[in-house]
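# Secondary and tertiary structure notes
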Amino acid sequence: MKYKKVVRLYSNSRVAKYYRATNRNKNKAVMLYFANMKIAQAFHPLLSSFEVILRNQLHYALAHHFSDGNWIINQKAGFMIAPSLTYTNKRTKKKVTNDYILKEVLKAEKKIADRGVRVTTGRVIAEQTLGFWNSFYETHHYALLAGVPCRIFKKLPSGFGRKEINDIIVRVRELRNRINHNEPICFVNRKCDFSYVKGMYAIISDFLTWIDPEIMPSLREIDKVCKIIEKEENKQKMIIRMLSVCMFLT
């Protein structure tokens, strides 16, 4: 597809980023735009597995911690309203209450009830976002839960704990948001560069392996991220070589 048509279909403001990243080469910009799409698409199974596995492992760990399979419903009167969640903001000096988890559970229950079906633990859990599960690694909630969220990992590397896990989940959420909004993921400092997606793939792979070493091998048939990255990276390199030859001949 020609550059002009890609611009008309996807907007100049979006495609122009790829144009600049490829040193204003229109053919290369079009290839990079669709390469970005292919790599984003390849990440979907891995990101879906990441969220589902994290959600389920946290549910199992917290159900065991509270000796209650319905903890997500019953803890609305427990840790979700703990006094320590209300504190004075150091910067504003105002009292604030971290009731995010409580609000998200109540919102899910209302949404389910509005559909005219029974509110169950499974349905409430299914309504929660990755941001919800991320919040269990936030300082106040993590302390209230006595470090249970980090017990979902069979083996964490030395020096890794709550903060490092929280940071990883935040980065994965950022990647997922970029993919869902069709934003560039093959750029570093506005230049064509596949190091970001390579790094994020390694981070996600490590995270899942810390939970269970069998997870990544089980995804081998559907995990095409590295193959797609290598293929698209080679295409970009080939174009650079071709352009260099053309410049030499002229």
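Thresholds applied
- Residue positions within a chain follow its written sequence, with the count starting from 1.
- A pLDDT threshold of at least 70 governs which residues receive local features in this predicted model, and a stricter bar of 80 or more applies before side-chain atom pairs are shown or counted, although totals over entire chains, interfaces and linings include all residues.
- To get the side-chain values, take all heavy atoms of the structure and skip hydrogens and water.
- Lines are fitted to the C-alpha atoms to define the axes, a helix being fitted only along its stretch in contact, and any angle between axes, read from their N-to-C directions, falls within 0 to 180 degrees.
- Numbering of helices and strands starts at the N terminus; helices are DSSP runs of H or I of at least 4 residues and strands are runs of E of at least 2.
- Each angle is binned into one of four classes, with values under 35 degrees roughly parallel, values over 145 roughly antiparallel, values of 65 to 115 roughly perpendicular, and all other values oblique.
- We call a crossing left-handed when the near helix sits turned anticlockwise from the far one by less than a right angle, and right-handed when that turn is clockwise.
- A contact between two residues is defined here by any heavy atoms of the two lying within 4.5 Å.
- Lys, Arg, Asp and Glu make up the charged group, whereas Ala, Val, Leu, Ile, Met, Phe, Trp, Tyr, Cys and Pro make up the nonpolar group; the residues left over, Gly among them, are polar.
- Stacked, tilted and edge-to-face are the three classes assigned to paired rings of Phe, Tyr and Trp, where Trp is represented by its six-membered ring and a pair needs centres within 6.5 Å; plane angles under 30 degrees give stacked, over 60 edge-to-face, the rest tilted.
- Exposed residues in this analysis have more than 50% of their type's maximum accessible area, buried residues have under 20%, and partly exposed residues fall in between, with area computed by a 1.4 Å probe over protein chains only.
- In the sections that follow, a salt bridge refers to a side-chain nitrogen of Lys or Arg positioned within 4 Å of a carboxyl oxygen of Asp or Glu.

### Remarks on the packing of helix H3 (residues 26–66) against helix H9 (residues 162–180)
- Here H3 crosses H9 at 140°, and the two axes come no closer than 11 Å. Taken together, the axes of H3 and H9 are oblique relative to one another. Once H3 is placed against H9, the crossing between them reads as left-handed. Residues Ala-40, Phe-43, His-44, Leu-47, Phe-50, Glu-51 and Leu-54 of H3 pack against Ile-169, Val-172, Leu-175, Arg-176, Ile-179 and Asn-180 of H9.
- Of the residues in the contact of H3 with H9, the class split is nine nonpolar, two polar and two charged.

### Re the packing of aromatic side chains
- Counting across every chain of the model gives 17 aromatic pairs.
- Seen from their ring centres, Tyr-3 and Tyr-19 are 5.4 Å apart, and the 45° between their planes marks the pair as tilted. Highlighted residues: Tyr-3 in helix H1 (residues 3–10) and Tyr-19 in helix H2 (residues 12–21), separated in sequence by 16 residues.
- A relative accessible area of 13% means that Tyr-3 is categorised as buried.
- An angle of 40° between the planes, with centres 4.7 Å apart, marks the rings of Phe-50 and Phe-207 as tilted. Highlighted residues: Phe-50 in helix H3 and Phe-207 in helix H10 (residues 195–211), separated in sequence by 157 residues. The exposure classification of Phe-50 matches that of Phe-207, with both residues buried.
- Feature note: the residues Phe-66, Trp-71, Phe-79, Phe-132, Trp-133 and Phe-136 constitute an aromatic cluster, connected by ring pairs.

### Structural notes on the pattern of salt bridges
- A complete count under the given rule lists 14 salt bridges for this structure.
- We note a salt bridge from Lys-76 to Glu-109, for which the minimum N-O separation is 3.0 Å. Taken together, the residues span a long stretch of sequence, with Lys-76 in the loop between helix H4 (71–74) and strand S1 (86–88) and Glu-109 in helix H5 (residues 100–114) at a distance of 33 residues.
- Residue class for Glu-109 comes out buried when judged on its relative accessible area of 13%.
- Close ionic contact of Glu-127 with Lys-111 constitutes a salt bridge, the shortest N to O distance being 3.2 Å. With a gap of 16 residues between them, Glu-127 in helix H6 (residues 121–127) and Lys-111 in helix H5 connect regions that are remote in the sequence.
- Under the relative-accessibility criterion, Lys-111 is labelled partly exposed at 48%.

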